[in-house]
2 protein chains.
Amino acid sequence: LAAKAGAVGALIRSVGTGAYRLAHTGAMAYEDATPKIPFAAVSAEDADLLHRLLAGGKQAVNVRMKMGCEKLPDQPSSNVVGEIPGTELPSEIVLLAAHLDSWDLGTGAIDDGAGCAIMLEAARLIRAAGGARRTIRVVLFMNEEQGTSGGRAYTERHRAEMDKHVAAIEADEGGARPLGFSLVGDEPALGMLRAITAPLETIRAQAVTQAHFAGADITGLQVSGVPSIGLSNDMTNYFDWHHTAADTVDKLDREELALSVAAVTVVAQGLADAKHTLPRTPAASRELPSWAR
Amino acid sequence: LAAKAGAVGALIRSVGTGAYRLAHTGAMAYEDATPKIPFAAVSAEDADLLHRLLAGGKQAVNVRMKMGCEKLPDQPSSNVVGEIPGTELPSEIVLLAAHLDSWDLGTGAIDDGAGCAIMLEAARLIRAAGGARRTIRVVLFMNEEQGTSGGRAYTERHRAEMDKHVAAIEADEGGARPLGFSLVGDEPALGMLRAITAPLETIRAQAVTQAHFAGADITGLQVSGVPSIGLSNDMTNYFDWHHTAADTVDKLDREELALSVAAVTVVAQGLADAKHTLPRTPAASRELPSWAR
């Protein structure tokens, strides 16, 4: 829009919640037909400064943009997949999703190292307890951040067995304490999931909420009809660090991660052992959101 | 010490308290006789990473130091001085001190823009109320950060009138709420200052504590015998931002600054109007601390 209006560059105020002059960064996209102009995020403090200078009566504030980033061609990479075969119904799958890649500034501890750790540990606990009736498949997706191509590739490759995916659960809300689960669905699916999460009341993680979206990596599964569930975490501090250089492993708390592991383990095993599987995603929730098209 | 032991460079873990991967920086000095090696602060997160790599069994971790800083020759600059002549004893001075310069990464809002604002506004209030018996002199010192040369120059230039300085008060602890005052002295000076701060009980800023040091800019005054007082602020969050790029004006709270202004105004006016001046700095506190020599 800025380029169409004749701008030679554009700045956005960071949407992060930290007060440490860090530019919270995120994805942007060009429309094919418009000029490609430089676009950058500035910290909230620096955005405030620009506003103060303008409010002080300046007609214009000169900003020099010196940027080193560039867009490089795609390169081959891989999702990482492992599974615990089901003891009775091995062709039916409960998929546990997180993503391996991270935004470039930090090391990706909360986005999404935490999710990978939670899913791997939940699967380990289920295997240690003798497995489940259905297959538990952990998929650590590649390239969530730059367009979810890992999720798309998985959906394409496993197109023929979409009906065998009885549920997909994604963990991509950081490492703070779990609050419950979101489900793309309505009744009776919501009630069925509530029955499974009921034991999580002891850690106050039993809440089941209705959602239009359960996780970026499993969007392709969701629109293919796979019942899609998101682990909900306390995100109070998430955007203090998300997509900044400060997304590092010290932000994770071992005890809080353990609560998320417990929550996912209960739900994954519950779904994998259940007599009745969840109803498929409602038709109204099978359309791709605009950003994922 | 590192250079003497043969090091080609040295890193220090940042002592800041923020968890945002910011390197808290500070002064360093070389001994004349030893090789000058590069020295840098790394964020706590990066220091943790180095420790984890070493704890994981690595014999050594390679670090590439790419630094752009250099030490340039001193240049002329100025303290900024203004005063409200005393109505009865104009040759006697209560000095209000803060420093104009700041560390280079941020804009110096908490260190020491806040102090400058507090002292200017306290002086403005005293003038608006008709002034005081003695002269109120505000000195915004230059170059506190790189060796307090502004403070040294003031002491040298005003050597002949040190006895006329009845007190110096420094504000250099940021902009958070005031907790009281520190005084380099003992009884009866402490009790005399407590009598002046008593009305500040209404804002819980009446505490008077004994100190060996009241402020970097007024160290020269202190060792010359001038009764030296420091405004004490709540520093709980001070080292989250101090000497980082995040020391910006949004960190200041108007209401908390106003409380500091009130506290300084009461003490400055109280000392300027007092019948008896405070006893001079005790002999034991007239030696320069090692860092200030």
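Fair warning: this is a prediction, and the values are worked out from it, not measured in the lab. (Residues numbered from 1 in each chain as written. Chains lettered and ligands numbered in written order. Predicted model: local features only at pLDDT ≥ 70, side-chain atom pairs only at ≥ 80, totals over all residues. Heavy atoms only, no water.)

Where the parts come together, the accessible area they lose is often given as the size of the interface. Taken together, the contacts link 18 residues of chain B with 18 residues of chain A. Overall, the association of chain B and chain A removes approximately 1400 Å² of surface from exposure, summing both partners, and the carbon and sulfur fraction of that is 60%. For the interface between chain B and chain A, the tally reads 2 salt bridges. One salt bridge connects glutamate 45 of chain A with lysine 251 of chain B, and the closest N-O pair in it is separated by 2.8 Å. Between chain B and chain A we count 10 residue pairs in polar contact (both at pLDDT 80 or more) in total. Of all the elements in the fold, those that place two or more residues in the side of chain B that touches chain A are α1 (44-55) and α6 (238-241) of chain B. The biggest single contributor to the side of chain B that touches chain A is α1 of chain B, with 3 residues. Here the residues of the side of chain B that touches chain A sort into 8 nonpolar, 3 polar and 7 charged. (Contact = heavy atoms within 4.5 Å. Buried area = accessible area lost by both parts, 1.4 Å probe. Salt bridge = Lys/Arg side-chain N within 4 Å of Asp/Glu carboxyl O. Polar contact = N/O pair within 3.5 Å; in protein donor to acceptor, adjacent residues only side chain to side chain. Helix = DSSP H or I, 4+ residues; strand = E, 2+ residues; numbered from the N terminus. Nonpolar A, V, L, I, M, F, W, Y, C, P; charged D, E, K, R; others polar.)

A separate point is helix α4 (residues 189-197) of chain A. In an α-helix, one full turn covers 3.6 residues, which means residues spaced three or four apart are oriented alike. Residue and element names in this part refer to chain A. Buried within α4 are the following residues: Ala189, Leu190, Leu193, Ile196 and Thr197. Relative to the axis of α4, the buried residues are bounded by an arc of 120 degrees and lie together on one face. For α4, the elements touching its buried residues are β7 (178-183), β8 (207-210), β9 (228-233) and α7 (254-273). (Buried < 20%, exposed > 50% of the residue type's maximum accessible area, 1.4 Å probe, protein only. Arc of directions from axis to C-beta.)

With that out of the way, let us pick up the relation of the copies chain B and chain A. Placing chain B over chain A gives an RMSD of 0.0 Å and needs a rotation angle of 180 degrees, together with 0.0 Å of translation along the axis. The relationship between the two copies is best expressed as a two-fold rotation axis. Nearest to the rotation axis, the C-alpha of tyrosine 20 of chain B is located 3.4 Å from it, this being the minimum over chain B. Comparing contact sets, 100% of the residues at the interface of chain B also lie at the interface in chain A, consistent with an isologous, same-surface contact. (Least-squares fit on C-alpha atoms with pLDDT ≥ 70 in both.)

Let us now look at the packing of aromatic side chains. All names here are of chain A. The final tally for this structure, using the stated rule, is 7 aromatic pairs over all chains. Centre to centre, the rings of phenylalanine 141 and tyrosine 154 are 5.9 Å apart; their planes meet at 80 degrees, and the pair counts as edge-to-face. Of the two residues, phenylalanine 141 sits in strand β5 (residues 134-141) while tyrosine 154 sits in helix α3 (residues 149-157), which places them 13 residues apart along the sequence. For the residue pair phenylalanine 141 and tyrosine 154, the accessibility class agrees, reading buried in each case. (Phe/Tyr/Trp six-rings, centres within 6.5 Å; stacked < 30°, edge-to-face > 60°.)

On average, chain A scores 94 in pLDDT, and the residues at 70 or more come to 98%. Reported confidence for the predicted complex is 0.77 by ipTM and 0.85 by pTM. (pLDDT = per-residue confidence, 0-100.)

Bringing a nonpolar patch on the surface into the picture now. Residue and element names in this part refer to chain A. Judged by side-chain polarity, Leu11, Val63, Met65 and Met67 come together as a nonpolar surface patch covering roughly 300 Å² of accessible area. Tracing the chain through its elements places valine 63 in the loop between α1 (44-55) and β3 (80-84). The exposure class assigned to valine 63 is partly exposed, which follows from its relative accessible area of 44%. (Patch = residues over 30% accessible without salt bridge, like charges linked within 9 Å, V, L, I, M, F, W, Y side chains within 5 Å. Areas by Shrake-Rupley, 256 points an atom, 1.4 Å probe, with all protein chains shown as cover.)

Before going further, it helps to spend a moment on the side chain of threonine 197 of chain B. All names here are of chain B. Within the element layout of this structure, threonine 197 appears in helix α4 (residues 189-197). A residue is classified by how much of its surface remains accessible, and threonine 197, at 1% relative accessible area, is buried. Here arginine 194 takes part through its backbone oxygen, which lies 3.3 Å from a polar atom of the side chain of threonine 197. Setting aside anything within four residues of it in sequence, one finds threonine 197 in contact with Phe181, Gln206, Val208 and Val267.

Bringing the environment of leucine 179 of chain B into the picture now. Residue and element names in this part refer to chain B. Within the secondary structure, leucine 179 is located in strand β7 (residues 178-183). Spatially, the C-alpha atom of leucine 179 lies 9.7 Å from that of methionine 235, the residues being 56 residues apart in sequence. Setting aside residues no more than four positions away along its own chain, leucine 179 makes contact with Arg204, Ala205, Gln206, Ala207, Ser232, Asn233 and Asp234.

Attention now moves to the packing of α4 of chain B against helix α7 (residues 254-273) of chain B. Residue and element names in this part refer to chain B. Look at α4 against α7: their axes get within 9 Å of each other, and the N-to-C directions meet at 120 degrees. Taken together, α4 and α7 sit at an angle that is classed as oblique. Handedness of the α4/α7 crossing: right-handed. Of the residues in α7, those in contact with Leu193, Ile196 and Thr197 of α4 are Val266, Val267, Gly270 and Leu271. (Axes fitted to C-alpha atoms, helices over the stretch in contact; angles between N-to-C directions. Parallel < 35°, antiparallel > 145°, perpendicular 65-115°, else oblique. Left-handed = near helix turned anticlockwise from the far one by under 90°.)

With that settled, consider unusual backbone geometry. The peptide bond linking aspartate 111 of chain B to aspartate 112 of chain B adopts the cis configuration, its omega dihedral lying at 10 degrees. Topologically, aspartate 112 of chain B is positioned in helix α2 (residues 109-128). With a phi close to 55 degrees, arginine 204 of chain A is a non-glycine residue in the positive phi region. Inspection of the secondary structure assignment puts arginine 204 of chain A in the loop between α4 and β8. By relative accessible area, which is 54% here, arginine 204 of chain A ends up exposed. You will see that histidine 243 of chain B, though not glycine, has its phi angle at about 55 degrees, which is positive. The exposure class assigned to histidine 243 of chain B is buried, which follows from its relative accessible area of 8%.

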